[in-house]
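Spelled out from the first residue to the last, the chains are:
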Amino acid sequence: MPPNERSIKQLDGLSPDQMYELMSNSFSGSSPVLLKENIPNSTWQRIPFFHLMQLLLKIVEAQGEMKLTPQGRLKVKVLRELYDTRLLPDRAIESGITKRLLE
């Protein structure tokens, strides 16, 4: 078996080829991660990331467009609005170790 096809513990059992596909082509047919077809809405509703993306899309829709910072990032105001939902809280921010959202 070629080295790039061998499972590596540090990559959670993925091979370098699989990790490349995951990082570069996340939703292609060659990716090690595939989404099932016909996922029930009740399942999507339990995934915080998708709630966050719905909120982001609503913000974009309300604004008509999304202006980014000069570095190509989301603006702090948008990040705060998303983070304030606490759908995906960050332990460091919540415990006060890290300041909240500078950019």
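Residues numbered from 1 in each chain as written. Predicted model: local features only at pLDDT ≥ 70, side-chain atom pairs only at ≥ 80, totals over all residues. Heavy atoms only, no water.

Before going further, it helps to examine helix 4 (residues 76-83). For helix 4, every residue scored as buried is listed here: V76, V78, L82 and Y83. Across the axial projection of helix 4, the buried residues extend over an arc of 160 degrees, all falling on one side. On the buried face of helix 4, the contacting elements are helix 3 (48-63) and helix 5 (91-95). (Buried < 20%, exposed > 50% of the residue type's maximum accessible area, 1.4 Å probe, protein only. Helix = DSSP H or I, 4+ residues; strand = E, 2+ residues; numbered from the N terminus. Arc of directions from axis to C-beta. Contact = heavy atoms within 4.5 Å.)

Before going further, it helps to examine the packing of aromatic side chains. With the rule as written, the count across this model stands at two aromatic pairs. Between the aromatic rings of W44 and F50, the centroid separation amounts to 4.4 Å while the plane-to-plane angle is 85 degrees, which identifies the pairing as edge-to-face. With a relative accessible area of 31%, F50 lands in the partly exposed category. Residues F49 and F50 carry aromatic rings whose centres are separated by 5.5 Å and whose planes lie at 80 degrees to one another, so their mutual orientation is edge-to-face. (Phe/Tyr/Trp six-rings, centres within 6.5 Å; stacked < 30°, edge-to-face > 60°.)

This part covers the side chain of E21. Its place among the elements puts E21 in helix 1 (residues 16-24). Put simply, E21 is tucked away with no salt bridge, and the nearest opposite charge, on R6, sits 18 Å away. Once you skip the residues sitting within four places of it in the chain, E21 turns out to touch S26, S28, S30, S31 and P32. (Lys, Arg positive; Asp, Glu negative; His and termini not counted. Salt bridge = Lys/Arg side-chain N within 4 Å of Asp/Glu carboxyl O.)

Glancing now at the environment of P3. Counting through the fold element by element, P3 comes out in the segment before helix 1. Separated by twelve residues in the primary sequence, P3 and S15 have C-alpha atoms spaced 8.3 Å apart.

Attention now moves to the pattern of salt bridges. Within the structure shown, the criterion is met by two salt bridges. Here D84 makes a salt bridge to R86, at a shortest N to O gap of 3.6 Å. Between E94 and R86 there is a salt bridge, with its nearest N and O atoms 2.9 Å apart. Judged by its relative accessible area of 38%, R86 is partly exposed. Via salt bridges that share partners, D84, R86 and E94 belong to a single interconnected network.

Attention now moves to unusual backbone geometry. One non-glycine residue, D12, lies in positive phi territory at about 55 degrees. Along the chain, D12 turns up in the segment before helix 1. Of note, the phi angle at R86 is positive, near 60 degrees, even though the residue is not glycine. Secondary-structure assignment places R86 in the loop between helix 4 and helix 5.

Any functional reading would require information that these geometric values do not contain.
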